[in-house]
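Next come the chains, spelled out residue by residue.
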Amino acid sequence: MRTMTVQPGGAGAQAPAPDVSVFVLTIPALPGGSAKIAFQEIVGIVSEIEVVQPAATTGAPAPAPGPGGTHTKQEMGPTLPPVVTLKRGLDGDGTLWRWHQLALEGAPSARQDVVIGAYTAADYAAGKPPVTSWNLANAWCAKIAIAGAGAGNGVVVETVDIACEAISLGKP
């Protein structure tokens, strides 16, 4: 995969995208201590603003028809909570289940400021900093799903959705 970067002065240049294959979730203050959990896949990071139609005003003239008919300007609505979805092979670590249980119980300690770091496999193995990271403010484990075990398929996958109040791009 290649990405386009813009150089000073506006000239575009091709730069190879790093082969990011390890995602590490750092939870600093769970009961029992901090945790670093590695994932093989980041399914998605979703930050969304609802698109709404403006409220009709009484007595206002209808909008003038445009080339394709009547056009109304859409407006920005409320923001939805950002959600990050991560996947990994199931192991014996119950940290995510405990974090999710805290959220189910409504425990204040379920909300954590967490970081997700994206690493190349070589950088992760060498203990180098992530290629990029995301800071999730007041995050909690909103959903856990286990799937994939069946006849002839011994791989069990754990998928987690982490909701938060805000997400920002961190520094590597």
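Use the structure listed above.
Residues numbered from 1 in each chain as written. Predicted model: local features only at pLDDT ≥ 70, side-chain atom pairs only at ≥ 80, totals over all residues. Heavy atoms only, no water.

Undergrad: What exactly am I supposed to notice about the packing of aromatic side chains here?
TA: A complete count under the given rule lists one aromatic pair for this structure. With 5.5 Å between their ring centres and 65° between their planes, Tyr119 and Tyr124 make a pair best called edge-to-face. Seen from the ring of Phe39, Arg88 lies directly overhead, with NZ or CZ sitting 5.7 Å from the centre. Note that Arg111 overlies the ring of Trp140, its terminal NZ or CZ placed 4.4 Å from the centroid. (Phe/Tyr/Trp six-rings, centres within 6.5 Å; stacked < 30°, edge-to-face > 60°. Lys NZ or Arg CZ within 6 Å of the ring centre and 35° of its normal.)

Undergrad: Would you explain the nonpolar core in this entry?
TA: Ranked by internal contacts, the top residues of the largest apolar core, which has 25 residues, are Leu25, Trp99 and Leu136. Listing elements by their share of this core, those giving two or more residues are strand 3 (20–30), strand 4 (33–39), strand 8 (75–89), helix 1 (95–105), strand 9 (112–120), strand 10 (132–147) and strand 11 (157–163). For this core, the element with the highest residue contribution is strand 10, accounting for five residues. Residues within four places of Trp99 in sequence aside, it is in contact with Leu25, Ile27, Leu30, Ala110, Gln112, Val114, Ala139, Trp140, Cys141 and Ile162. (Core = buried A, V, L, I, M, F, W, Y, C linked by side-chain atoms within 4.5 Å. Buried < 20%, exposed > 50% of the residue type's maximum accessible area, 1.4 Å probe, protein only. Helix = DSSP H or I, 4+ residues; strand = E, 2+ residues; numbered from the N terminus. Contact = heavy atoms within 4.5 Å.)

Undergrad: Please clarify how the environment of Pro81 should be interpreted in this entry.
TA: Along the chain, Pro81 turns up in strand 8. Taking the C-alpha atoms as reference, Pro81 lies 7.5 Å from Glu48; in sequence the two are 33 residues apart. Ignoring anything within four residues of it in the chain, the contact list for Pro81 reads Val46 and Cys164.

Undergrad: I keep staring at the side chain of Glu158 and nothing clicks. Help me out?
TA: Looking at the element boundaries, Glu158 is found in strand 11. Engagement of the side chain of Glu158 in a polar contact is seen with the side chain of Trp97, the distance being 3.5 Å. Ignoring anything within four residues of it in the chain, the contact list for Glu158 reads Leu86, Lys87, Arg88, Leu90, Leu96, Trp97, Ile144, Ala145 and Ile146. (Polar contact = N/O pair within 3.5 Å; in protein donor to acceptor, adjacent residues only side chain to side chain.)

Undergrad: Could you clarify how one ought to interpret unusual backbone geometry in this entry?
TA: Of note, the phi angle at Asn138 is positive, near 50°, even though the residue is not glycine. Checked against the element boundaries, Asn138 lands in strand 10.

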